[in-house]
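Residues per chain are reported as follows:
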Amino acid sequence: MDIVSDPEILRARCRDWLRRDVATGLVPTMGYLHAGHESLIRLAREKADKVVVSVFVNPTQFGPGEDLQAYPRDLEHDAAVAEAAGADVLFTPRPEAMYAPGAATWVEVPELARHLCGASRPIHFRGVCTVVSKLFLLAFPTFAFFGQKDWQQLAIIRRMTADLGFPVTIVGAPIVREADGLALSSRNVYLTPAERAEAPYIHKGLALAADLVAAGERDTAAITGKVLEYWASHMPSGTVEYLECVHPDRVTPLARLDGPGLIATAVRFSRARLIDNRLLDAAVAPRS
């Protein structure tokens, strides 16, 4: 595996692959790689001839007071994980290489960023779309791989790709979890032991929502109300930033579940903001 930090070197290499009809898989990350990232890299290895993994803590997706400076970084570890999982190139640019001085151009999909994480992080997805667009223009990928843990990000990237005509197939991969159900996240390292013991109840609460739907409940306010009650008694250290049922593609709130839906949440602990989600299918007949 080669480690490349210069965007122009990456562009030249990937353009050469494109000329030779080599299928490239791109896995954009912010580093501090874990088993969830590893699963994306392995999936890319299965689908593409060459795999590029980017490690870039993108400053434009962090708002004031967020954890840009404290975001965990370990490039030596990331390189070992990426190489073992099958990456051909690890792209590690510096911010000044990705953003020219005075850069004033942004890519965004505002209609899909109004709810969930976008409501409290108004510039976040603008930064995500802009940097992913830049990566697409550097790596010329045939496929790009994103985890379903950030469902809203995945929906936004899919819409951006379709609207701008990027010749890239977006692949969403299932959430990878610890044995107790906690979704893997680079921010899990911020949890105290007591918070780590409570955090799996995020997933358990979303499983409760799925059980309620399977039992015939269709009113989303009733579903979220029962989940919040469950969390209040099982997860006292967590502060729920949002818990919403939305349309999976449009990311708009649903009052009733008359078909597919997504229940998504962000929960804050003392130093960690954790997100998770679960698909809900109201088309399945209620249990008798």
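Read on for an overview of the structure.

The rules we used
Residues numbered from 1 in each chain as written. Predicted model: local features only at pLDDT ≥ 70, side-chain atom pairs only at ≥ 80, totals over all residues. Heavy atoms only, no water. Buried < 20%, exposed > 50% of the residue type's maximum accessible area, 1.4 Å probe, protein only. Helix = DSSP H or I, 4+ residues; strand = E, 2+ residues; numbered from the N terminus. Pairing = 2+ DSSP bridges. Right-handed = clockwise from strand over helix to strand, strands pointing away. Disulfide = S-S within 2.5 Å. Salt bridge = Lys/Arg side-chain N within 4 Å of Asp/Glu carboxyl O. Axes fitted to C-alpha atoms, helices over the stretch in contact; angles between N-to-C directions. Parallel < 35°, antiparallel > 145°, perpendicular 65-115°, else oblique. Left-handed = near helix turned anticlockwise from the far one by under 90°. Contact = heavy atoms within 4.5 Å. Nonpolar A, V, L, I, M, F, W, Y, C, P; charged D, E, K, R; others polar. Phe/Tyr/Trp six-rings, centres within 6.5 Å; stacked < 30°, edge-to-face > 60°. Lys NZ or Arg CZ within 6 Å of the ring centre and 35° of its normal.

Things to note about the pairing of strand β3 (residues 50-55)
Counting buried residues along β3, 5 of its 6 residues qualify, which places the element largely inside the surrounding structure. The pairing of strand β2 (residues 24-29) with β3 spans 6 bridges and is classified as parallel. Bridge pairing links T24 to K50 in β3. With helix α2 (residues 35-47) bridging β2 and its parallel neighbour β3, the resulting β-α-β unit is right-handed. Across 3 bridges, the pairing between β3 and strand β4 (residues 89-91) is parallel. Note on β4: the bridge partner recorded for S54 is F91. Note that the unit made of β3, helix α3 (residues 75-85) and β4 has a crossover that is right-handed.

Here's the deal with the state of the cysteines
Scanning the model with the defined rule gives 0 disulfides in all. Among the cysteines around C129, which has no disulfide bond, C117 carries the closest sulfur, lying 13 Å off. Unpaired in terms of disulfides, C245 finds its nearest cysteine sulfur in C117, a separation of 15 Å. Residue C245 is classed as buried on the basis of its relative accessible area of 4%.

What about the pattern of salt bridges?
Oppositely charged side chains can form a pair if their charged atoms are brought close together. Following the criterion strictly, the structure yields 14 salt bridges and no others. The shortest N-O distance in the salt bridge between R114 and E111 comes to 2.7 Å. Classification of R114 by relative accessible area gives partly exposed; the value is 48%. Its relative accessible area of 49% is what places E111 among the partly exposed residues. In this structure, R196 and D180 form a salt bridge, with 2.9 Å as the shortest nitrogen-oxygen distance. In this pair, R196 is assigned in helix α8 (residues 193-198) and D180 in the loop between β6 (169-173) and α8, connecting sequence segments 16 residues apart. Here the residues in one salt-bridge network are E241, R268 and R273, joined through shared partners.

Observations concerning the packing of helix α6 (residues 124-139) against helix α7 (residues 151-164)
The geometry of a pair of packed helices is captured by two quantities: the angle between their axes and the separation between those axes. Packing of α6 against α7 brings their axes to within 11 Å, and their N-to-C directions diverge by 50 degrees. When the axes of α6 and α7 are compared, the pair comes out oblique. Two packed elements cross with a definite hand, and for α6 against α7 that hand is right-handed. Of the residues in α7, those in contact with F125, V128, C129, V132, S133 and F136 of α6 are Q152, Q153, I156, I157, M160 and T161. Counted by class, the contact of α6 with α7 contains 8 nonpolar, 4 polar and no charged residues.

A short note on the packing of aromatic side chains
Centre-to-centre distance and the angle between the planes together describe a pair of aromatic rings. The full count for this structure, using the stated rule, is 4 aromatic pairs. Measuring from ring centre to ring centre gives 5.2 Å for F136 and F166, while their planes differ by 80 degrees; the resulting arrangement is edge-to-face. With F136 in helix α6 and F166 in the loop between α7 and β6, this residue pair connects regions lying 30 residues apart in the sequence. Exposure class is identical for F136 and F166. Each is buried. Note on Y201 and Y230: the rings are 6.1 Å apart at their centroids and 55 degrees apart in plane angle, and the pair reads as tilted. Highlighted residues: Y201 in helix α9 (residues 201-214) and Y230 in helix α10 (residues 220-234), separated in sequence by 29 residues. Its relative accessible area of 22% is what places Y201 among the partly exposed residues. Sitting over the ring of W106, R126 keeps its end group 4.0 Å from the ring centre. Here K204 stacks its cationic end above the ring of Y201, 4.4 Å away from the centre of that ring.

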